[in-house]
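# What the coordinates show
Here are the chains, one letter per residue:
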Amino acid sequence: MIKIMHRLINMTGRYKGRIRASYITAFLKGLMMKVPLIACFFCISFFMQHTMDKTKCIYLGIAVLVSVILEALFEHISNILQSAAGYMVFADMRLRLGDHLRKLPMGYFTEGNIGKISSVLATDMVFIEENCMGVLSELVTFLISQGIMVTMMFVMDIRLGLLSLLIVGVFVIIGNLMLKATTEHSIIKQEAAESLTEEVLDMAEGIGIIKSYNLLGERSKRLTEEFEKSCRESIRFEVDYTPWSRALYLAFGIGTALVLALSAYLHQTGVISDEYMVGMALFLFDMFVAIKSYYGQMARLTVTDASLDRIEEVFAAEELKDEGKKTFAATDSFGNEIEYDNVSFGYTEKDVLKKVSFAVKQGEMAALVGPSGGGKSTIASLLARFWDVKSGRILVKGKDIREVPLGSLMDQISMVFQRVYLFQDTVYNNIAIGRPNATKEEVMEAAKKARCYDFIMQLPEGFDTVIGEGGASLSGGEQQRISIARCILKDAPIVILDEATASVDADNERAIQEAISELCKNKTLLVIAHRLKTIRDADQILLIADGEIKEQGDHKKLMEQKGTYAHMVELQAAV
Ligand code: ADP
């Protein structure tokens, strides 16, 4: 358990000093809390000795008043130091996490880690921030207070000291067994919460499909099962915890009674005086409160270990290396704008791209065609460093893309995906993301070129209309055009285009084609093509299958070869 405290303190980074300072104030607050009891002890002693007078009464009263004020003050300082440090630690950590996620390869997000990230952000961090940081100094205070209590007993009489030490020992054994049982369950409980989060996210994301296939009942059943599992585990956690917490209460009662019995015996035999006996009675119920509270708080912290593990796991995911120092300059002279040189890559051990080599000159268009699953999207993703190549290299303007900072590489590339994502923000901001420092006129101009100006102006608040999450309030074609406006504004020299397969109405289709033509003017293009008609004029067509380039050349050349491409063209023409 000391390990958890150690991990928590380590986590506080540059705020470690503040947290440690809060131990002192929390300890002083603990001492001040004892002052009224001590005053009470003296008060009774004076009465018993018949020495109580007005002056002593006033002094005792002042001592109690001052201690109450100081207690409030120390508590306040301790809270400021500790809770504020807790919030600052997590504000920093969330920013660091954001920065880290930004640098992770795309694979991390597609491999079922979204639930883990949500869990870390929404559950683990919030739990530690709200429950752990605030109790760190309390825990330290409990341990110190218990030490003082036992020492006081030793000062009074060695037998009382040994008995209280023994009782503390029993507390430690029961407490640790309780923590062991609850730790095991808390891990399962957290895992259940994580899989529940994933199921909820999955259901929310796929709600359209779920409804259209009438799977609401089926999916709700799964969700209900997850809720029930989570509830079951939470109850099991309580069931495992309760007997031990009762045992701790029992030990508290029996321990207190034993100390009282021994003190009474020592008083009877004349070892301790009347005043000390009264003092003993006053402090008795405070004797083991510290160690009991320590384990009570610790039991709440058992989930912390698992939460800390998960936070550390997300932070441990390997980032894409972004150490490149080379930059692109307008004066660079280079042969090809894009060059793949013997590129091999696999998402797992198995290679999905095998020694792919091709080059695209500035202003030219390369089209990737071929059967589904052949590797076209993978080729395009590697250019944007969504993943890094396994072997070989990819050059942009003559520079290995791993040798330039990710930021400058992204400045060179615009991507139009089939699946558009618009943020829950104004239309204006959704376009301006393309180049945040663009002027209003430039944003309007991009919207006009992308053929979306007219429909934007018909929206209730024009460019200031807030789009629903994911673009929910616009048609598919309109979303697509806004995403193209973004790219036009960005004006990057290379455009990766994943040609839409989804059929849109004829008007939309024409508008999208016009928008794309605007975007592609004077650009170097890498197009993932599904309809071969649209890429007839491409400078080169690459037929990709099984992760290899099977055929390469312009339309005329490939038709003459009468290979797979020619066959595909004939098939599409026949439809
Ligand atoms: P295409 O774009 O030609 O349809 P892809 O590049 O999407 O082909 O896929 C090539 C291969 O890589 C396929 O076998 C596919 O299953 C696999 N693949 C694609 N994306 C991933 C991914 N994120 N994780 C694991 N395998 C993937």
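Note: the structure precedes this text.
Conventions adopted
Residues numbered from 1 in each chain as written. Predicted model: local features only at pLDDT ≥ 70, side-chain atom pairs only at ≥ 80, totals over all residues. Heavy atoms only, no water. Helix = DSSP H or I, 4+ residues; strand = E, 2+ residues; numbered from the N terminus. Buried < 20%, exposed > 50% of the residue type's maximum accessible area, 1.4 Å probe, protein only. Contact = heavy atoms within 4.5 Å. Pairing = 2+ DSSP bridges. Axes fitted to C-alpha atoms, helices over the stretch in contact; angles between N-to-C directions. Phe/Tyr/Trp six-rings, centres within 6.5 Å; stacked < 30°, edge-to-face > 60°. Core = buried A, V, L, I, M, F, W, Y, C linked by side-chain atoms within 4.5 Å. Near = heavy atom within 4 Å. Polar contact = N/O pair within 3.5 Å; in protein donor to acceptor, adjacent residues only side chain to side chain. Nonpolar A, V, L, I, M, F, W, Y, C, P; charged D, E, K, R; others polar.

## What to know about the environment of Ala-181
Considering the arrangement of structural elements, one finds Ala-181 in helix H7 (residues 158–205). On the basis of relative accessible area, Ala-181 is assigned to the buried category, the value being 14%. When neighbours within four sequence positions are excluded, Ala-181 is seen to be in contact with Asp-240 and Trp-244.

## Focus: the sheet that holds strand E6 (residues 413–416)
The sheet built from six strands is open, its strands ordered E6-E7-E8-E3-E9-E10 with mixed pairing. Strand pairing shows two members of the sheet lacking a second neighbour, E6 and strand E10 (548–553), which therefore form its edges. The average angle at which neighbouring strand axes cross in this sheet is 15 degrees, direction not considered. Alignment of E6 against strand E7 (residues 494–498), held across four bridges, turns out to be parallel.

## What to know about the packing of aromatic side chains
Counted by the stated rule, this structure contains 14 aromatic pairs. Note on Phe-41 and Tyr-276: the rings are 6.4 Å apart at their centroids and 40 degrees apart in plane angle, and the pair reads as tilted. Taken together, the residues Phe-41 in helix H2 (residues 16–48) and Tyr-276 in helix H10 (residues 274–284) connect sequence positions 235 residues apart. On the accessibility criterion, Tyr-276 (46% relative accessible area) is partly exposed.

## Section: the nonpolar core
Across soluble globular proteins, nonpolar side chains show a tendency to be buried alongside one another. Counting residues in hydrophobic clusters, the biggest one holds 61 residues, and the most contacted among them are Leu-8, Val-259 and Phe-288. Counting residues per element, this core draws most heavily on H7, at eight residues. Discounting chain neighbours no more than four positions away, the residues touching Leu-8 are Ile-128, Cys-132, Met-133, Leu-136, Thr-304 and Leu-308. Counting 48 residues, the second-largest nonpolar core is a separate cluster that includes Met-365, Val-369, Phe-463 and Ile-488.

## Details of the site of the ligand
Close contacts around the ligand come from eleven residues, with Gly-373, Gly-375, Lys-376, Ser-377 and Thr-378 the closest. Between the ligand and Thr-378 there is a distance of 2.4 Å, counted from an oxygen atom to a side-chain nitrogen or oxygen. Element by element, the count of residues in the shell around the ligand is highest for helix H13 (residues 376–383), at three residues. In the shell around the ligand, the residues fall into three nonpolar, seven polar and one charged.

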